[in-house]
Amino acid sequence: MSDELAHDFFPIIKVYKDGRVDRLWGTSTLPASIDPQTGVQSKDVVISTAPPVSVRLYIPKSTTTESTRKLPLLVYFHGGGFCNGSAFSPTYHNYLNSLVSEANVVAVSVDYRLVPEHPLPAAYEDSWAALKWVESHFAGTGPEEWLNLHADLNRVFFSGDSAGANIAHHMGLRVGSEKLVGFKLNGIVLVHPYFWGEEPIGGEVALGHREHLDALWRFAYPLTSGSDDPLFNPGKDPKLGELSCEKVLVCVAEKDALKDRGWYYSEVLKKSGWNGVVEVLETKEEQHVFHLINPSCDNAVTMLKKIVSFMN
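Quick caveat: nothing in here was measured; it's all calculated off a predicted structure.

What counts as what
Residues numbered from 1 in each chain as written. Predicted model: local features only at pLDDT ≥ 70, side-chain atom pairs only at ≥ 80, totals over all residues. Heavy atoms only, no water. Core = buried A, V, L, I, M, F, W, Y, C linked by side-chain atoms within 4.5 Å. Buried < 20%, exposed > 50% of the residue type's maximum accessible area, 1.4 Å probe, protein only. Contact = heavy atoms within 4.5 Å. Axes fitted to C-alpha atoms, helices over the stretch in contact; angles between N-to-C directions. Helix = DSSP H or I, 4+ residues; strand = E, 2+ residues; numbered from the N terminus. Parallel < 35°, antiparallel > 145°, perpendicular 65-115°, else oblique. Left-handed = near helix turned anticlockwise from the far one by under 90°. Nonpolar A, V, L, I, M, F, W, Y, C, P; charged D, E, K, R; others polar. Pairing = 2+ DSSP bridges.

A. Examining the nonpolar core more closely. Leu-73, Phe-82, Leu-131, Phe-158, Phe-183 and Val-248 are the most contacted members of the largest nonpolar core, which totals 69 residues. Sequence-distant contacts of Val-248, that is, excluding residues within four places in its chain, are made with Ile-188, Leu-190, Leu-243, Tyr-265, Leu-269, Trp-274, Val-277, Val-278, Glu-279 and Phe-310. Val-189, Ala-253, Cys-297 and Ile-307 belong to the second-largest nonpolar core, a separate cluster that totals 29 residues.

In structure tokens, the structure reads:
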């Protein structure tokens, strides 16, 4: 085995010249379960074998006591720079348990294929396949009983963090452009979204690792046109105004290198001809995805409450 590196994106991933891939976090998993703290139940469903796409479903405790009332449905896309993480990791399993319990919603957490084994646009295509699967439950006759019984497909929300927020945005666009009519997308929550661009904005001018983010994107999507690809820079997307929901919440963190991109997204969205309402929540003194690293801290609790009120 050679220890010579082909790509070094510390602290996310390292790829060696002999082809080995070393993911530096996000590889551990937890089984689906009944969460003892919240009473939230989860289970895993394989929705496609070629390509391999799975989801983890969550239903709150209220579904066992109020079985006739249908609840809003959240579709969640995990982060990890398109390279790391999974719907089954302890980080996302615990976060979804908390969010489902607090918001009293049904959730579908999407497990998409990762870079570099499956370069973009694989993650986007897998996420779209998951949405088509969700849509198949519109008449209450889909393959998954939990969604048939408990999910109100007229009240659907998308959310994700980091690269998952990037996916959530693009799925919101695609719902509009491809006229996915089997559910109604009410809103999107983008947490610390992974967007970028060729020209630095705001505090990015002083950043020492702009090239690192450019290179990570090209690593994830070898066929990209670059950092102004509309998939990476929504400000360059002529179809931005077609976003298919009425409201968007963008969460940014003061000490996150991606903070200014979140604010910029809200500004270009307002100017795009989109007729919805966009709101930005900036958390002071915090870093990228702080709410996943320290979910019990005051700022994480405050952000969770904001997201819950947005969906209700």
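B. Here's a closer look at the packing of helix α2 (residues 90-103) against helix α9 (residues 298-311). Their axes nearest at 9 Å, the elements α2 and α9 cross at an angle of 50 degrees. In this view, α2 runs oblique relative to α9, as classed from their interaxial angle. Viewed along their axes, α2 and α9 form a crossing whose handedness is right-handed. Together, Tyr-95, Ser-98, Leu-99, Glu-102 and Ala-103 of α2 and Leu-304, Ile-307, Val-308 and Met-311 of α9 make up the contact between the two elements. Grouping the constituent residues of the contact of α2 with α9 by class yields 7 nonpolar, 1 polar and 1 charged.

C. Up close: the sheet that holds strand β11 (residues 277-283). Taken together, 8 strands build an open sheet; the order of strands is β4-β5-β7-β6-β8-β9-β10-β11 and the sheet is mixed. Single-partner strands in this sheet number two, and they are β4 (41-49) and β11. Neighbour-to-neighbour, the strand axes of the sheet open up by a mean angle of 20 degrees, direction not taken into account. Direction of pairing for strand β9 (residues 185-191) relative to strand β10 (residues 247-253): parallel, over a ladder of 5 bridges. Bridging from a neighbouring strand, Leu-190 pairs with Val-250 of β10. In the packing of helix α3 (residues 122-135) onto the sheet, the strands contacted are β4, β5 (52-59), β6 (71-77), β7 (106-111) and β8 (151-161), and the crossing angle to β5 comes to about 50 degrees. Its contacts with the sheet put helix α7 (residues 259-270) on β9, β10 and β11, and the angle it makes with β10 is roughly 160 degrees.

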